[in-house]
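# Close look at the chain arrangement
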Amino acid sequence: MAEYSVLIGGKAGEGINTAGLSIAGLFSRLGYRTYMYFDYPSLIRGGHNFAIIRASDRTIGAHRTPVDVLLAFDQNSIDNHRQRVHEGTTVIYDASQVVRAEGYGLPLDDIVKEEKAPPITKNSAMLGALARVGGIGREILEDVLRATVPAKHLEANLRVAGRGYDAAGEAFTVEPVDGPALPVLTGNEVTGLGLVHGGLDTYVAYPMTPSSSILHFLANRAEDLSIKVIHPENEISVILMALGLAYAGEKSAVGTSGGGFCLMTEGLSFAAMSEIPVTIVMGQRPGPSTGMPTYTSQGDLHFVLNAGQGEFPRLVVAPGDLEEAYAWSAAALMLSWRYQVPAIVLTDKTLAEGAYSFDLGAVTPLPDREPVLWDGTGEYRRYARTADGVSPLAFPGREGAVVKATSYAHDEAGFTTEEREEVIELQEKRFRKGESLKAELATYPAVKTYGARDAGTTIVCWGSEKWACIEAAEELGARVVQPLVLAPFPVRQWKEAMIGAGKVACVENNATGELARLLRQHGFEPGRPVLKYDGRPFAVDELAARLGEVFA
């Protein structure tokens with residue numbers, strides 16, 4: 001297997017994320033599949049930022065601890081990552097800032113001054129040096145810069161990149177592989193595109209890490225995608241505006257994280273009672289409260305499963321990579337409208353802000369679903385009782401339809417009632433919708449498996465830990481089982497997937513084993529916990545070592 005790992009580090013404000021994406025683009029140009037993990041503190045400037053870019057001739061979605069090249073803009077980038085350096089690591093550093101290092105020192109301050117280029121172009125010098133170290137031709141380097149740098153800054157970046165290229169020497173050769181140059185996108189970008197594929201009309205959000213970039217991405221492309229993007233003053237306004245849009249017939253979605261979702265829970269309950277569809281992208285990060293806002297966690301599963309007052313059905317899906325994010329974001333929006341229930345796409349910082357090679361051809365297509373609309377006959381009853389619990393939709397302005405929406409218990413027409421029989425009928429109607437949704441999801445790939453059924457050892461995981469688990473499983477000869485739908489939980493599919501599981505370990509990015517708790521609630525034994533809760537995802541080698549101890 002051909003594989004390379006590169007770490008680039010520096011201070012906030014130095015464009016480390018952008019530089020990392022350029023490095024991923026360089027490898028992608030040669031046919032490699034790439035993954036980038038981006039680590040940064042919640043500071044606008046300063047602190048230590050770094051990105052690990054891994055490239056392979058096969059599909060990947062997690063990083064490893066050792067790196068082949070370390071690109072250091074400051075001394076912290078050398079000192080903080082000594083454990084990643086091995087005898088084959090090439091170090092390239094800014095000689096203007098780093099005083100203790102061995103490798104190729106680039107006088108970046110002098111280079112940008114001599115080339116009359118802005119300081120941010122130092123990233124291009126590092127990219128040029130990386131290309132030279134990896135034996136990548138100058139023409140490929142220039143092609144990548146032309147594809148990523150705005151035209152008005154291109155010439156300066158090309159000059160500076162050339163200086164970096166000339167200042168280094170070849171240490172190894174990155175041979176092209178037989179594969180397409182796939183686009184490198186973040187989980188948030190693909191989630192946004194998935195919502196659009198599902199029929200999104202309007203995206204409403206208040207910025208909150210790690211979901212903020214969905215707002216920025218869709219806003220920048222709203223005209224091309226024929227959607228509206230709205231940034232209200234707070235998360236309460238976000239959810240209520242989205243519900244108002246949906247009441248009027250606009251398919252809407254919102255994005256947030258744990259703190260914002262807290263403020264949305266009353267609106268979530270209102271959506272359930274009024275049967276107004278809404279899709280919520282909920283990006284997890286460590287808490288409680290503000291917690292560590294720029295790091296990752298899988299600690300909000302039960303919050304999302306149980307948020308809101310009263311009892312009502314909801315759809316909760318947890319994609320593990322870009323292809324799943326695209327398919328299930330679309331499906332969540334469509335199923336929300338088909339069954340008039342809240343749908344939640346549960347991601348985390350690792351998936352949301354991580355960058356991956358995106359292969360649209362590898363997306364497993366899920367069924368297209370349309371809402372049930374009123375046919376215009378008879379008296380319109382917004383909450384008509386039906387066998388499957390789904391009442392036909394009409395929207396304000398429709399001739400012959402009075403469309404009532406209420407947060408109170410109500411009769412079929414939408415008038416408030418507290419009569420015993422009506423209240424029972426209303427609750428049972430909601431449950432019928434939940435059962436209808438569950439029956440449809442039984443035909444979806446709600447649980448995925450990887451590896452041989454007779455492996456004798458099984459790794460259970462969810463969300464963004466998927467690819468670290470798959471690679472660790474390959475090293476250990478184990479099998480992986482991953483639920484994509486967490487509510488309504490796919491009990492039958494899970495039972496079938498776990499036949500012959502043998503020894504089981506449950507891998508999660510939280511301290512209490514939240515998926516394990518959910519499995520126990522449904523009568524399944526989750527096996528031994530393998531937990532990590534420092535705000536960082538598992539590296540493949542780190543996880544393999546932990547699992548090796550469990551399965552020993």
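Everything quoted here is computed from the prediction, not taken from an experiment.

Here we take up the environment of Leu315. For Leu315, the position within the fold is in strand S12 (residues 315-317). On a C-alpha basis, the gap between Leu315 and Ala117 in space is 51 Å, while along the polypeptide they are 198 residues apart. Excluding its chain neighbours within four sequence positions, the residues that come into contact with Leu315 are Ala332, Leu335, Pro342, Ala343, Ile344, Leu437, Leu441, Val485, Ala487 and Pro488.

For the chain, the assigned domains are domain 1 (3-167), domain 2 (186-362) and domain 3 (447-551). Taken over C-alpha atoms, the centre of domain 1 sits 34 Å from the centre of domain 3. Facing the 12 residues of domain 1 at the interface are 11 residues of domain 3. Each partner contributes to the roughly 970 Å² buried at the junction of domain 1 and domain 3, and carbon and sulfur atoms together form 46% of this total. Considering only the surface of domain 1 that becomes buried against domain 3, Arg58, His63 and Arg64 emerge as the three largest contributors, covering 43% of it. As a salt-bridge pair, Glu471 and Arg54 come within 2.8 Å of each other at their nearest N and O atoms. Residues belonging to the side of domain 1 that touches domain 3 are distributed by class as follows: four nonpolar, four polar and four charged.

Here we come to a nonpolar patch on the surface. Taken together, Ile236, Leu240 and Leu263 make up a surface patch of nonpolar side chains, about 260 Å² in accessible area. Considering the arrangement of structural elements, one finds Ile236 in helix H10 (residues 235-247).

Spatially, five strands are ordered S15-S17-S16-S19-S20 in an open sheet, and the strand pairing comes out mixed. Two strands lie at the open edges of the sheet, namely strand S15 (447-450) and strand S20 (528-531), each paired on one side alone. Geometrically, the sheet is characterised by an average inter-axis angle of 25° between neighbouring strands, direction not taken into account. As judged from the four bridges shared by strand S16 (residues 457-460) and strand S19 (residues 503-508), these two strands associate in the parallel manner. Bridge pairing links Thr457 to Lys503 in S19. Sitting on the sheet, helix H16 (residues 466-476) touches S15, S16, strand S17 (479-483) and S19, and the angle it makes with S17 is about 165°.

Counting residues in hydrophobic clusters, the biggest one holds 100 residues, and the most contacted among them are Tyr203, Leu315, Trp328 and Trp494. Per element, the largest residue contribution to this core is 11 residues, and it comes from helix H13 (residues 322-339). With near-sequence residues (within four places) excluded, Trp494 lies in contact with Val447, Val460, Val481, Gln482, Pro483, Phe489, Leu519 and Phe524. Core analysis: the second largest hydrophobic core is formed by 48 residues, Ala19, Met36, Ala55 and Leu108 among them.

Reading the values: the criteria
- Residues numbered from 1 in each chain as written.
- Predicted model: local features only at pLDDT ≥ 70, side-chain atom pairs only at ≥ 80, totals over all residues.
- Heavy atoms only, no water.
- Helix = DSSP H or I, 4+ residues; strand = E, 2+ residues; numbered from the N terminus.
- Contact = heavy atoms within 4.5 Å.
- Domains from an automatic or database assignment.
- Buried area = accessible area lost by both parts, 1.4 Å probe.
- Salt bridge = Lys/Arg side-chain N within 4 Å of Asp/Glu carboxyl O.
- Nonpolar A, V, L, I, M, F, W, Y, C, P; charged D, E, K, R; others polar.
- Patch = residues over 30% accessible without salt bridge, like charges linked within 9 Å, V, L, I, M, F, W, Y side chains within 5 Å.
- Areas by Shrake-Rupley, 256 points an atom, 1.4 Å probe, with all protein chains shown as cover.
- Pairing = 2+ DSSP bridges.
- Axes fitted to C-alpha atoms, helices over the stretch in contact; angles between N-to-C directions.
- Core = buried A, V, L, I, M, F, W, Y, C linked by side-chain atoms within 4.5 Å.
- Buried < 20%, exposed > 50% of the residue type's maximum accessible area, 1.4 Å probe, protein only.

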